[in-house]
Amino acid sequence: MEHPARLTVGVVGAGRVGAVLGAALARAGHRVTGVYAVSEASRERAASLLPGVPVVDVATVVAGAELVLLAVPDDALADLVAGLSATGAWQAGQLVVHTSGRFGTAVLDPVRAHHAFGLALHPAMTFTGTAMDLDRLVDCVFGVTTDPELAPVAEALVLEMGGTPQAVAEEERVAYHAALSHGANHLVTLTAEAMELLTRAGVSEPRRVLAPLLHAALDNALRMGDAALTGPVSRGDVGTVSDHLRELDRLAPEIRRTYVALARATALRALDAGRLRPAAAEPLLDVLSDQER
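Residues numbered from 1 in each chain as written. Predicted model: local features only at pLDDT ≥ 70, side-chain atom pairs only at ≥ 80, totals over all residues. Heavy atoms only, no water.

A. Representation of the nonpolar core. Ranked by internal contacts, the top residues of the largest apolar core, which has 34 residues, are Val-9, Val-35, Leu-67, Leu-121, Leu-137, Phe-142 and Leu-157. Top element by residues in this core is helix 1 (residues 16-27). It accounts for 6 residues. Aside from chain neighbours lying at most four places away, what touches Val-9 is Leu-25, His-30, Arg-31, Val-32, Thr-33, Gly-34, Ala-65 and Leu-67. In terms of nonpolar packing, the next biggest core, distinct from the first, is built from 19 residues, Val-68, Leu-80, Leu-84 and Val-107 among them. (Core = buried A, V, L, I, M, F, W, Y, C linked by side-chain atoms within 4.5 Å. Buried < 20%, exposed > 50% of the residue type's maximum accessible area, 1.4 Å probe, protein only. Helix = DSSP H or I, 4+ residues; strand = E, 2+ residues; numbered from the N terminus. Contact = heavy atoms within 4.5 Å.)

Have a look at this one:
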């Protein structure tokens, strides 16, 4: 199946992802014919990123599109697909694309009965729902899952949006998504807690303190993996870690819980990697265990 040079596109869900990917497809020369947006924020987003595109109901979006982009929450996707299938909304030859990281194409199986084609295209990116995201799509990797005969179509769509396709097997989608969520979402929590702790310690501009350090740490980790690890846990400095825990107990008990969990994980990885000697790891893990509540 060859990818047409120009498609009519319908966007179901003008959240941060849907509106941006719709705009990226429009920028690539496709024509967005309708968008479904419920909340006021979604309608404003659609007006900004998809100017002139009518906001209509789901059935109208689907009816007017050769490519339907389903950008809805993970837990709503299966019911949406099933509901549209039950009403006979899908059209033969239609491309049905969802953006969920969690699911492959099995969730789109109901569209097959209508001779439509399912593709899972998940951008490995965090979105603001603004025009700046369009630039971030350049070189963004998309997790692609689809039938082999549709792989060229999926890859072409990703490339047109500026991204890089990465095949992900159906049975590995959850692991793939867990990895991205663990890395990106928990990084936000970690960074926010570090800034909060610096603020409580009297630092007026925590971003200026953390930015160079965190950028360097992330760059080193991406290049070197566990070999990039530094700090008191990797050295087995029990006294320093104990002092940290006592101060966190006084200043930010809720952050101490995160510190203990990550310090234990770090110590075990350092031990497994041979960067922390067993003799140093044992008292360190004992201290961390004693401090858990």
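Next comes the rest of the account.
B. Broad picture of the environment of Ala-192. Along the chain, Ala-192 falls in helix 8 (residues 173-200). A residue is classified by how much of its surface remains accessible, and Ala-192, at 38% relative accessible area, is partly exposed.

C. Empty space enclosed by the protein, seen in detail. Summed over all chains, the structure comprises 1 cavity of 30 Å³ or more. Approximately 40 Å³ is the volume attributed to the largest cavity. As for the largest cavity, its lining consists of Leu-25, Leu-67, Leu-69, Val-97, Leu-121, Leu-157 and Met-161. Along the lines of polarity and charge, the residues of the lining of the largest cavity split into 7 nonpolar, no polar and no charged. (1 Å grid on protein atoms, 1.4 Å probe; cavity = no way out; pocket = protein on both sides within 12 Å on 5 of 7 lines; lining within 4 Å. Points joined across faces, edges and corners; volume = space filled by probe spheres on them. Nonpolar A, V, L, I, M, F, W, Y, C, P; charged D, E, K, R; others polar.)

D. How the structure looks around the packing of helix 8 against helix 12 (residues 253-272). As a packed pair, helix 8 and helix 12 sit with axes 11 Å apart at the nearest point and diverge in direction by 130°. Taken together, the axis directions place helix 8 and helix 12 in an arrangement best described as oblique. Handedness of the crossing formed by helix 8 with helix 12: left-handed. From helix 8, Leu-190, Glu-193, Glu-196, Leu-197 and Arg-200 reach across to helix 12, where they touch Glu-254, Ile-255, Thr-258 and Leu-262. Partitioned by chemical class, the residues of the contact of helix 8 with helix 12 number 4 nonpolar, 1 polar and 4 charged. (Axes fitted to C-alpha atoms, helices over the stretch in contact; angles between N-to-C directions. Parallel < 35°, antiparallel > 145°, perpendicular 65-115°, else oblique. Left-handed = near helix turned anticlockwise from the far one by under 90°.)

E. Highlighting a nonpolar patch on the surface. Together, Leu-187, Leu-190, Leu-218, Leu-222 and Leu-262 make up a nonpolar patch on the protein surface, roughly 470 Å² of accessible area in all. Of all elements in the fold, only helix 8 and helix 9 (206-224) reach the threshold of two or more residues within the nonpolar patch. Summarising the element assignment, Leu-218 is placed in helix 9. When its relative accessible area of 41% is taken as the criterion, Leu-218 is described as partly exposed. (Patch = residues over 30% accessible without salt bridge, like charges linked within 9 Å, V, L, I, M, F, W, Y side chains within 5 Å. Areas by Shrake-Rupley, 256 points an atom, 1.4 Å probe, with all protein chains shown as cover. Salt bridge = Lys/Arg side-chain N within 4 Å of Asp/Glu carboxyl O.)

F. Molecular detail of helix 9. Here helix 9 is 19 residues long and its end C-alpha atoms lie 26 Å apart, about the 27 Å a rise of 1.5 Å per residue gives. Backbone geometry just after helix 9 places Gly-225 at a positive phi near 65°. (Expected span 1.5 Å × (residues − 1).)

G. Seen up close, the pattern of salt bridges. Counted by the stated rule, this structure contains 13 salt bridges. Across the pair Glu-205 and Arg-208 runs a salt bridge whose closest N-O atoms are separated by 3.8 Å. A relative accessible area of 44% means that Glu-205 is categorised as partly exposed. Residue Arg-208 is classed as exposed on the basis of its relative accessible area, which comes to 63%. One connected set of salt bridges, linked through shared partners, spans Asp-109, Arg-112 and Asp-147.

H. Inspection of the environment of Val-209 at higher detail. Inspection of the secondary structure puts Val-209 in helix 9. Val-209 gets classed as partly exposed once you look at its relative accessible area, which sits at 44%. Spatially, the C-alpha atom of Val-209 lies 8.9 Å from that of Met-195, the residues being 14 residues apart in sequence. Those residues in contact with Val-209 that sit more than four places away from it in its chain are Leu-198 and Val-203.

I. Spotlight on the sheet that holds strand 3 (residues 67-70). With mixed pairing, 7 strands are arranged side by side in an open sheet as 2-1-3-4-5-6-7. Each having just a single partner strand, strand 2 (31-36) and strand 7 (164-167) make up the two edges of the open sheet. In this sheet, neighbouring strand axes are inclined to one another by 25° on average, regardless of whether the strands run parallel or antiparallel. Bridge analysis of strand 5 (residues 117-123) against strand 6 (residues 141-146) gives 5 bridges, and the strand direction is antiparallel. Bridge pairing in strand 6 places Pro-123 opposite Phe-142. Against the sheet, helix 1 contacts strand 1 (8-12), strand 2, strand 3, strand 5 and strand 6, and its axis sits at roughly 150° relative to strand 3. (Pairing = 2+ DSSP bridges.)

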